[in-house]
Amino acid sequence: MEERDMKTFLAQLQQEGLLTEQTRPVWEMILPKRLKRMYDVLNERTRYITVLIEAVDDPHNQAAVLRTAEAFGVQDIHIVTGKAPFSPNRLVTRHADQWLTLHRQPDIETAINDLKQQGYQVYASYLGEGTIPLSDIDVSKPTALLFGNEHSGVSDEALKLADGTFVIPMYGFVQSFNISVAAALALYDVTERARRQAGTRYYLSSNEKKALYKQWMWQTLNPRIRKQLELQGYTI
């Protein structure tokens, strides 16, 4: 990025309220190229589509879902733990989780009810009778996709509370996908369709962008620099 372009870009970010005098100690330490990358990603971020995982125990699967969600621009992941703690494998996440907002819930009832109160419809991945093809989910409204345990799937309680269930059609001998594959296929489909149907509603609001960009700038700093700023009294 040339110096003139850099100054124009920084001025644009200040005009949009993403860079402020309060955060100057942070953004002055970040290369404009990095600020531009975060800005481009920010403008594709969504909370219109979200993910809820229930009792996904394997650290590799936990990590794969996070990495997939981040790749498709989904900001929020809601987590209900099962027999194992939520501890995604870092070699798989490749630090994708640091760009996400993780919501840990005590149980599936609380998780689903909270999502519904926020205006989401909740669709659970399920192979049983009465389920609809993934492509039939109506994405004209905010949607949460629920994925369950690797072996037993979503719980009976979750099925009762969900607004509906979906299945990814398959035409081979295999009857189910690994959760990481199912999440990837489902998120690709619903984010593509929702982006077209929801228009501007799909993307973050101005205030959401400001808060998230501030958080990302802090996270992208070297830990040593963050420590120095903290010692100087700076906090986000």
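Just above sits the structure.
Residues numbered from 1 in each chain as written. Predicted model: local features only at pLDDT ≥ 70, side-chain atom pairs only at ≥ 80, totals over all residues. Heavy atoms only, no water.

So what's going on with the nonpolar core? Which residues, and what values?
With 30 residues, the main nonpolar core has Ile49, Ile53, Leu145, Phe147, Phe166 and Leu187 as its most contacted residues. Taken together, the elements giving at least two residues each to this core come down to β1 (49-54), α4 (59-71), β2 (76-80), β6 (143-147) and α8 (179-198). In contact with Phe147, other than residues within four places in its own chain, are Val51, Leu52, Ile53, Glu54, Val56, Ser125, Val154, Phe166, Ile179, Ala182, Ala183 and Ala186. Ranked by size, the runner-up nonpolar core spans 23 residues in total, among them Leu18, Tyr39, Ile225 and Tyr234. (Core = buried A, V, L, I, M, F, W, Y, C linked by side-chain atoms within 4.5 Å. Buried < 20%, exposed > 50% of the residue type's maximum accessible area, 1.4 Å probe, protein only. Helix = DSSP H or I, 4+ residues; strand = E, 2+ residues; numbered from the N terminus. Contact = heavy atoms within 4.5 Å.)

Mind laying out the packing of α4 against α8, listing which residues take part and the relevant values?
Remark: α4 packs on α8, axes separated minimally by 9 Å, with the N-to-C direction vectors making an angle of 15 degrees. Viewed along their axes, α4 and α8 adopt a mutual orientation that is roughly parallel. In this structure, α4 meets α8 at a crossing whose hand is right-handed. Contacts from Asn61, Ala64, Val65, Thr68 and Ala69 of α4 reach α8 at Ile179, Ser180, Ala183, Ala184 and Leu187. Residues of the contact of α4 with α8, tallied by class, amount to seven nonpolar, three polar and no charged. (Axes fitted to C-alpha atoms, helices over the stretch in contact; angles between N-to-C directions. Parallel < 35°, antiparallel > 145°, perpendicular 65-115°, else oblique. Left-handed = near helix turned anticlockwise from the far one by under 90°. Nonpolar A, V, L, I, M, F, W, Y, C, P; charged D, E, K, R; others polar.)

Outline the side chain of Ser180, supporting the account with residue identities and numerical values.
With respect to the helices and strands, Ser180 occurs in helix α8. For Ser180, the side chain forms a polar contact with the side chain of Asn178, separated by 2.6 Å. (Polar contact = N/O pair within 3.5 Å; in protein donor to acceptor, adjacent residues only side chain to side chain.)

Can you tell me about the packing of aromatic side chains, naming the residues and giving the values?
In this description, a pair of aromatic rings is defined by centroid distance and the angle of the planes. Tallied over the full model, the rule gives seven aromatic pairs. For the pair Tyr48 and Tyr202, a centre-to-centre distance of 6.1 Å together with 45 degrees between the ring planes defines the contact as tilted. Of this pair, Tyr48 sits in the loop between α3 (32-42) and β1 while Tyr202 sits in the loop between α8 and α9 (206-220); the two residues are 154 residues apart in sequence, bridging distant segments of the chain. Judged by its relative accessible area of 4%, Tyr48 falls in the buried class. Note on Tyr202: relative accessible area 0%, which makes it buried. (Phe/Tyr/Trp six-rings, centres within 6.5 Å; stacked < 30°, edge-to-face > 60°.)

An account of the sheet that holds strand β3 (residues 101-104) is requested, with residue identities and associated values reported.
Adjacent strands of a sheet pair through backbone hydrogen bonds, lying either parallel or antiparallel. Spatially, the seven strands line up as an open sheet ordered β3-β2-β1-β6-β4-β7-β5, and their pairing is parallel. A strand with exactly one partner marks an edge of an open sheet, and here the two such strands are β3 and β5 (132-133). Looking at chain direction, strand β4 (residues 121-125) and strand β7 (residues 164-167) are connected through three bridges and run parallel. The partner of Ala124 across the bridge, within β7, is Thr165. Packed onto the sheet, α8 meets β1, β6 and β7 and runs at close to 170 degrees relative to β6. (Pairing = 2+ DSSP bridges.)

Everything listed is a geometric property; what it means functionally is a separate question.
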